Amino acid sequence: MSEAQASTSGNRAGSTGAAMRRWLLQPATPALVFLALLLVGFSVGTERFLSIGNLESILTSVAVLGLIAMAVNQVILAGEIDISTGSMMGLCAMIGGIVSTTYGGLLLPLLAAVVVGALAGALNGFLVTVGRVPAIIVTLGMLYALRGVILLITGGEWVSGIPGETRLLGLGTVLGVSVPLIILLALFGLLSLVSRDTIWGRNVYAVGGNRQAARLIGLPVNRTRFLTFVLVGVCVGLAAMVFVGRTGGVQTNAGEGLELQVIAAVVIGGTSIAGGRGSTLAALTGAVLIGTILNGMILIGVPGIWQDAVLGALILLAIAGDVLRRRVLGAEA
Amino acid sequence: MIASVITSLKGYLDNAKVSRELVLFAVLIMVTAVMASLSPYFLTLTNLLNTSRFFAEVGLIALGMTLIIITAGIDLSVGSALALVSVAVGFSFAAGLPLPLAILFGVFVGLAAGAFNSLFITQLELHPLVVTLGTLALFRGVAFGLSDADAVSDFPAWFDYFGQFFIGPIPGQLIVFIIAVVVVWLILARTRFGRYVYAIGNNEEAARFSGVPIRRVKAALYTGTGFLVALAAIIYTSRVSTARADAGTGLELDAIAAVVLGGASIYGGKGTIAGTVLGLLIIATLRNGLVLAGVSNTWQLFMLGVLLVAAVFFNEFFRKEE
């Protein structure tokens, strides 16, 4: 409603209205506004919520989700989808955990996890681009296949007793700021830059916006799409080591259901599932929003069992809201 | 060398008059032979008829899924919807609703779930993939929330009739499934509605300009699939005598795998009921054989996942360039 008013006044009142309208059309705007309202609401409702400590703990707890969501954001911007990240995270964490308990150290387990992630992502990308299999089918199949690989490697055993030096990525602090938070913000800065200011970043938008047109003007469509899947694998590997650091052990069901939270974060943040529209900020905002809601649900006493229902409702609200916002603001050409 | 082999293989398959159904039938025989060699119990009439008790549930859903995939759509929420219906029947019964009414309520919930999907897909013109990904989480979450992760299993004896009755040696749900196959086949192959389904999948824009009522067809498809899900849910709940929120986890994978294995193109416009039934038989044979060979459920899901990707890969790879 307020959007409709802003739109009509924008037509009449010139530059202020136009700027307002442009701001309203930014992908992440509704999610940011919603997040701000939510933070105020929870703070009024519960006294402990808006403390720096609690905010940092929310941000740290969404680090795994946020890292993966910002990468999947690129896949979705390119007009594809990846729902294999839950099992992929479990596999990377398992490999990283095994390497860590066998050899110790930080870099070797991290390298192992990232390489495994990149290989899994490359397989996704290969099947989608060269194999011409739709991404939803490839990654749905991989979601189940990779979970099987975890069982093949471990025989159903859990990995525990991760040494302290490996857990640095999850538990360490630098100048009083937690390492997961630093990694999250660093990747946000990096991906924002790459997405806005590099040729590959622009190609992702072009391919997702109109693949036929991108091909006709000679952009490397397949290479661009392939690399988005590899990026997801690399970030999943990184996120897996943050996860391992925080939990100190890996169960065979690690990461189950994470893929849904990731997709939810991206679309709730405001990146269009149709591809071509969105931003890294949107994915990060979505992840923080989900973290806030799940955290807030616990604080106000909603049983955790409703978590999936809330997540599903949020996805539907977000995608419906995206369509309605664009209809109201007349952005659809 | 390899490239030339692939090209000639492609050319052969394009020109060959071998129908896809015949190839699938050969695969089915091969799978059956392998499974029979793994377990002596596999190739007995008792076991084969028993297998049909399991695949009837997936089969009912796969029938609806076939039509949806022919329109270039997809429904990922079927497993969760099955759980929701199961919980609706079980818990409304536990709350004191007479069982016949509880079953009717379950059917209503299934229809409502399908209609809910179609509302987003037709009115907001959102891609079925994201909508049903959302309802995949929503339906199961609601099922878990309402049931408080508890189970209901004190059904009266007559309820077992739906999932556990036999006519001679033939399980009842096999008959239900065969009737559903005939009905859906007639709709797809012999009615105007069936032509609309193919028309939408081939070229939605062209279909729109030819006056095909696209929204109504899609609404009917997703809601109808909701009805088939409800039917499957009632049979399932009766067969295991338990209503639980974790029923049907991963069921969408079985259903979609059966449909694409049967030759339906995920890009729409192609697919048959005969193909789906054969795809279903192959998957059911694989699953049953693996169970008899003592392979765990996670491994079965692994093989299904690989099979699904491989089936679509060959479907699209050997399709003529557009």
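Residues numbered from 1 in each chain as written. Chains lettered and ligands numbered in written order. Predicted model: local features only at pLDDT ≥ 70, side-chain atom pairs only at ≥ 80, totals over all residues. Heavy atoms only, no water.

> When you look at the overall build of chain A in this model, what are you seeing that I'm missing?
Each helix and strand in chain A was counted, giving 16 helices and 2 strands. Its C-alpha atoms give chain A a radius of gyration of 20 Å, near enough to 20 Å, the size a compact globule of 333 residues would have. Based on the C-alpha atoms only, the size of chain A along its principal axes is roughly 70 × 55 × 35 Å. Taken across its 333 residues, chain A has 57% of its residues classed as buried. (Helix = DSSP H or I, 4+ residues; strand = E, 2+ residues; numbered from the N terminus. Rg over C-alpha atoms; globule rule 2.2 N^0.38 Å. Buried < 20%, exposed > 50% of the residue type's maximum accessible area, 1.4 Å probe, protein only.)

> Explain the overall build of chain B to me, please; I cannot follow it from the model alone.
For chain B, the helix and strand inventory stands at 14 helices and 2 strands. For 322 residues, the compact-globule estimate of 2.2 N^0.38 gives 20 Å, and chain B sits close to it at 20 Å. Contacts in chain B between residues at least 24 apart in sequence constitute 79% of all its contacts with a sequence separation of at least 6. Put simply, chain B shows about 13900 Å² of open surface, and 69% of that area lies on carbon and sulfur atoms. If you average the places of the 18 positive and of the 17 negative side-chain charges in chain B, the two averages end up 10 Å apart. (Contact = heavy atoms within 4.5 Å. Areas by Shrake-Rupley, 256 points an atom, 1.4 Å probe, with all protein chains shown as cover. Lys, Arg positive; Asp, Glu negative; His and termini not counted. Charge placed at Lys NZ, Arg CZ, Asp CG, Glu CD.)

> Help me out: how do you make sense of the confidence of the model for chain B in this one?
A low pLDDT means the predicted coordinates there should not be read in detail. Of the residues in chain B, 92% reach a pLDDT of 70 or more, and the chain-wide mean stands at 86. Interface scoring of the predicted complex returns ipTM 0.83; its pTM is 0.83. (pLDDT = per-residue confidence, 0-100.)

> Got a minute to help me understand the packing of helix H15 (residues 280-299) of chain A against helix H16 (residues 307-329) of chain A in this structure?
For any two helices packed against each other, one specifies the inter-axial angle together with the distance between the axes. Residues and elements named next belong to chain A. Between H15 and H16, the least distance of the axes is 11 Å, while the angle of their chain directions is 145°. Between H15 and H16 lies a crossing whose hand is right-handed. In this structure, H15 contributes Ile 290, Ile 293, Leu 294 and Met 297 to the contact, and H16 contributes Gln 307, Val 310, Leu 311 and Leu 314. In the contact of H15 with H16, the residues fall into 7 nonpolar, 1 polar and no charged. (Axes fitted to C-alpha atoms, helices over the stretch in contact; angles between N-to-C directions. Left-handed = near helix turned anticlockwise from the far one by under 90°. Nonpolar A, V, L, I, M, F, W, Y, C, P; charged D, E, K, R; others polar.)

> I keep staring at the interface of chain A and chain B and nothing clicks. Help me out?
The parts lose accessible area when they come together, and the size of an interface is often stated as this lost area. Each side of the interface is counted separately: chain A has 35 residues, and chain B has 43 residues. Interface area, chain A with chain B, both sides summed: about 3400 Å², of which 81% is carbon and sulfur. A per-residue breakdown of the area chain A buries against chain B is headed by Arg 132, Tyr 144 and Leu 316 of chain A, which together make up 21% of the total. The interface formed by chain A and chain B includes 0 salt bridges. Where chain A touches chain B, the interface holds 3 residue pairs in polar contact (both at pLDDT 80 or more). At the level of elements, helix H8 (135-154), helix H14 (258-269) and H16 of chain A are the ones that each hand at least two residues to the side of chain A that touches chain B. At 12 residues, H8 of chain A tops the list of elements feeding residues into the side of chain A that touches chain B. Its residues assigned to classes, the side of chain A that touches chain B comprises 27 nonpolar, 4 polar and 4 charged. (Buried area = accessible area lost by both parts, 1.4 Å probe. Salt bridge = Lys/Arg side-chain N within 4 Å of Asp/Glu carboxyl O. Polar contact = N/O pair within 3.5 Å; in protein donor to acceptor, adjacent residues only side chain to side chain.)

> Before we go on, may I ask you to explain the side chain of Thr 285 of chain B in this structure?
Within the fold, Thr 285 of chain B resides in helix H13 (residues 273-292). Dropping the residues within four chain positions of it, Thr 285 of chain B is found in contact with Leu 28, Val 31, Thr 32, Met 35 and Phe 42 of chain B.

> Help me understand empty space enclosed by the protein, please; the structure alone is not making it clear to me.
Unoccupied space between atoms shows up once a probe the size of one water molecule is rolled over them. Residue and element names in this part refer to chain B. By the definition in use, this model includes 1 cavity of 30 Å³ or more. In this structure, the largest cavity occupies an estimated 50 Å³ of space. Around the largest cavity, the lining residues are Asp 75, Ser 77, Val 78, Ala 81, Gly 110, Ala 113, Gly 114, Asn 117, Thr 225, Gly 226 and Val 229. When contributions to the lining of the largest cavity are tallied by element, the ones reaching two or more residues are helix H4 (78-94), helix H5 (99-123) and helix H11 (214-240). (1 Å grid on protein atoms, 1.4 Å probe; cavity = no way out; pocket = protein on both sides within 12 Å on 5 of 7 lines; lining within 4 Å. Points joined across faces, edges and corners; volume = space filled by probe spheres on them.)

> Even after reading the chapter, I still don't get the pattern of salt bridges, so can you show me in this structure?
All told, the structure shown has 9 salt bridges over all chains when counted by the stated rule. One salt bridge in this structure joins Glu 80 of chain A and Arg 211 of chain A, with 3.0 Å as the shortest N-O distance. With Glu 80 of chain A in the loop between helix H5 (63-77) and helix H6 (85-103) and Arg 211 of chain A in helix H12 (residues 211-216), this residue pair connects regions lying 131 residues apart in the sequence. Exposure remark for Glu 80 of chain A: the relative accessible area of 8% places this residue in the buried category. Here the salt bridges share partners, and the residues they tie into one network are Glu 204, Glu 205, Arg 208 and Lys 218 of chain B.

> Sorry if this is basic, but what is going on with unusual backbone geometry here?
Glycine aside, negative phi is the norm for most residues, and most peptide bonds take the trans geometry. You will see that Arg 132 of chain A, though not glycine, has its phi angle at about 60°, which is positive. With respect to the element layout, Arg 132 of chain A can be found in the loop between helix H7 (107-129) and H8. At Glu 125 of chain B, a residue that is not glycine, the phi angle is positive and equals roughly 55°. The topology assignment puts Glu 125 of chain B in the loop between H5 and helix H6 (128-147).

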